[in-house]
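Residue strings, one per chain:
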Amino acid sequence: SIGVLNKVSNLLPFEVSGEAAPKEELRLRHRVLDLRRSQMQANLTLRHKVTRAFRSFLESQDFIEVETPILTRSSPEGARDFLVPARIIPRTMYALPQSPQLFKQLLMVSGYERYYQIARCFRDEDLRADRQPEFTQVDMEMSFMSAEEIMSLMERLVAHIFNEVGKGSLASPFARMSYAHAMERYGTDKPDMRYDLFQYNLSEILAESDCKIFTSAIENGGIVKGLVVPDGSRISNSRLKNKGDVSNEAVSAGSQGILFLRVSGASMEGSPPVTRGVSEEQFRSILDYTGAEDGDLIILVAGEVPVVHRTLDVVRQYLGKDLDLVEDGKDGLVWITDFPMFEWLPEHERYQALHHPFTARNADGGESIYDSSAHAYDLVYNGYEIGGGSLRNHKQSEQLEVFQAIGLSEEEIKSEFGYLLDALDYGAPPHGGMAFGLDRLVMLLAGEESIRDVIAFPKTTQGSCSLTSSPSGVKADQLKDLKVSFEKGDEK
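Here's a quick rundown of the structure.

What counts, and where the lines are drawn
- Per-chain numbering applies: the sequence of each chain, read as written, is numbered from 1 onward.
- Totals for whole chains, interfaces and linings use every residue, but because this is a predicted model, local features are given only for residues with pLDDT of at least 70 and side-chain atom pairs only at 80 or more, for both listing and counting.
- Side-chain figures throughout are based on the complete set of non-hydrogen atoms in the structure, without hydrogens or water.
- Numbering goes from the N terminus for both helices and strands, where a helix is a DSSP run of H or I of at least four residues and a strand is a run of E of at least two.
- Here the radius of gyration uses the C-alpha set of atoms, whereas the globule reference equals 2.2 Å times the residue count to the power 0.38.
- Think of it in three bands: with a 1.4 Å probe and only protein chains considered, a residue is buried below 20% of the maximum accessible area for its type, exposed above 50%, and partly exposed in between.
- Residue contacts are defined here by distance: any two heavy atoms, one from each residue, within 4.5 Å place the two residues in contact.
- For every accessible area listed, the method is Shrake-Rupley and the probe measures 1.4 Å; residues are considered covered only by the protein chains on display.
- Only four residue types enter the tally: Lys and Arg on the positive side, Asp and Glu on the negative side, with His and both chain ends excluded.
- Every charge is mapped to an atom, namely NZ of Lys, CZ of Arg, CG of Asp or CD of Glu.
- Axes, fitted as lines to C-alpha atoms, cover a helix only where it is in contact. Angles between the N-to-C directions of the axes lie from 0 to 180 degrees.
- Just so you know how the angles are binned, under 35 degrees is roughly parallel, over 145 roughly antiparallel, 65 to 115 roughly perpendicular, and the rest oblique.
- By convention, the crossing between two helices is left-handed when the near helix turns anticlockwise from the far helix through less than a right angle, and right-handed when the turn is clockwise.
- The residue classification treats Ala, Val, Leu, Ile, Met, Phe, Trp, Tyr, Cys and Pro as nonpolar and Asp, Glu, Lys and Arg as charged. All others, Gly included, are polar.
- Paired strands are those between which DSSP finds at least two bridges.
- Expected span of a helix, by definition, is 1.5 Å for each gap between consecutive residues, and there is one gap fewer than residues.

Quick word on the overall build of the chain
Consideration 1: On a plain count of helices and strands, the chain comes out with 17 helices and 17 strands.
Consideration 2: Taking 23 Å as the expected radius of gyration for a compact globule of 492 residues, we find that the chain reaches 26 Å, a close match to that expectation.
Consideration 3: Judged by the C-alpha coordinates and their principal axes, the chain covers about 75 × 70 × 55 Å.
Consideration 4: Out of the 492 residues belonging to the chain, those deemed buried represent 46%.
Consideration 5: Considering only residue pairs separated by 6 or more positions, the chain has 67% of its internal contacts joining residues 24 or more positions apart.
Consideration 6: Accessible surface, the chain as shown: approximately 25900 Å² in total, 48% of it carbon and sulfur.
Consideration 7: Of the side-chain charges in the chain, 53 are positive and 74 negative, and the distance between the mean point of each set is 8 Å.

Focus: the packing of helix α3 (residues 38-60) against helix α5 (residues 147-164)
Relative orientation and spacing of two packed helices are given, respectively, by the angle between their axes and the distance between those axes.
Consideration 1: The interhelical angle for the contact between α3 and α5, taken along N-to-C directions, is 135°, at an axis separation of 9 Å. On the basis of their axis angle, the class for α3 and α5 is oblique. Like other packed secondary-structure pairs, α3 and α5 cross with a definite hand, here right-handed. From α3, Val-50, Ala-53, Phe-54, Ser-56, Phe-57 and Leu-58 reach across to α5, where they touch Leu-153, Arg-156, Leu-157, His-160, Ile-161 and Glu-164.
Consideration 2: Taken together, the residues that form the contact of α3 with α5 break down as eight nonpolar, two polar and two charged.

Comments concerning the sheet that holds strand β7 (residues 199-201)
In a beta sheet, neighbouring strands pair by backbone hydrogen bonds and run either parallel or antiparallel.
Consideration 1: Taking strand neighbours across the sheet as the criterion, the five strands line up as β7-β8-β11-β9-β10 in an open arrangement whose pairing is antiparallel. Unpaired on one side and paired on the other, β7 and β10 (267-270) mark the two borders of the sheet. Ignoring strand direction, the axes of neighbouring strands in this sheet form an average angle of 30°.
Consideration 2: Looking at chain direction, strand β8 (residues 223-229) and strand β11 (residues 297-303) are connected through seven bridges and run antiparallel. Following the sheet pairing, Val-224 is matched in β11 by Ala-302.
Consideration 3: Contacts from helix α6 (residues 179-186) reach β7 and β8 within the one sheet, and its direction differs from that of β7 by about 100°.
Consideration 4: Lying over the sheet, helix α13 (residues 305-322) contacts β7, β8 and β11, oriented at roughly 10° with respect to β8.

A short note on α5
Consideration 1: Taking 1.5 Å of rise per residue, 18 residues should cover 26 Å, and α5 covers 26 Å from first to last C-alpha, within 8% of that figure.
Consideration 2: Burial in α5 covers these residues: Ala-147, Ile-150, Met-151, Leu-153, Met-154, Glu-155, Leu-157, Val-158, Ile-161 and Phe-162.

Description of the pairing of strand β9 (residues 259-264)
Consideration 1: Burial of β9 is extensive: five of the six residues sit out of reach of the surface.
Consideration 2: Pairing of β9 with β11, which is carried by four bridges, proceeds in the antiparallel orientation. Within the sheet, the bridge partner assigned to Arg-262 lies in β11 and is Leu-297.
Consideration 3: With four bridges connecting them, β9 and β10 associate as antiparallel partners. In the strand pairing of β10, Ser-264 is matched with Ser-267.
Consideration 4: In textbook terms, the turn of a hairpin is the stretch between consecutive antiparallel strands, and for β9 and β10 this stretch comprises two residues, one of which, Gly-265, has a positive phi near 65°.

Interpretation in functional terms is not warranted from these geometric data alone.
Structure below.
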């Protein structure tokens, strides 16, 4: 017999057992029902398996799990903090951790040689499909291990995870690429290695051309790069011109647009500024340098270095999907290494650490710390960074040098990081570590486009929870207890 334990009194807002997913806004508002759908059941089960695989491998390697504080102090580096007023200590704030970075380093000083944690982290930054204000990080730190040893261990960890979730075996060692080579060839430090569309710096060849767009960019410190697309006839001219879909992708990345050149036998066709401004000799040099052949398309972008790189990276990703260049089931894993220690912030007229200011510099770096590369390594999977790490500054003098290089005053160093410097002076061992973004890794393993599809109760792109209507206002007496008030005009 069948007994009814509880009845549904209202019509469901969408079909739970249907194949097609409802609109995301509706799904997030009725997340309890959405989590019943087979897709979400499979995704959260996969997340459990990945988390279990992390734990089982790390514990087999003698790692111990240690929890670190959620209420901590604000840091001047990194993204914007989420702040929590401290009621019992007026006019002070806790900050929610962006990562357990400093606590795990302190644990190394305390003699816990292999630490890990499934850590909740918080960053108050603009959101996107693969970013949430609160996220989960699998955090690790190890003493007395070289970067090579750490990377080798992490490869075994990733191979274990892939095997546990049914993705099959992975070839080891993973591919490696320097940061400089990644930027030169792909225009990004997160290249998708599953297909071949490469960028080429044509600045030297085109510096003496009669194309003002190229020469002006080069004279102003910029570059000209070309993205070579084999069998370019698959992309019509209208798509490359102003208002075409490929051109629109380039503009969305911050450029003024694109020019193009087609290899047609022994001659070139394409945008008028190119065909009129590039000589036959320069055309031949481009073909020799890029290896472009008859029928190939070269998409050209000129401008400031970051804009050119970002533009051609966006166009490359767009064409990779549009031309169906990615084989089903193919995975692309690559280590990116030898990052610069710092990047210049022109708006602030100072340097900031490219990774974070606790990263050690390579011993074979330049004479100046600003010319040195960082002892850092990122693991990229199918065009997404899934993990990153570095060796740390384990000597107080080395850490002080980095703080000074990013423009922190003696007072700021003592106030913000005095406890770390004291700990490093207690005989800190050489140490390094790595952290994986659990949400992003599960998203990729599940074949999803958004991490919201692998998190049980995610936030929207506006940082709100449609299910619980958070963030929300609070009662006046709660604000009074915290000695917090809002300025007039802040109301909704």
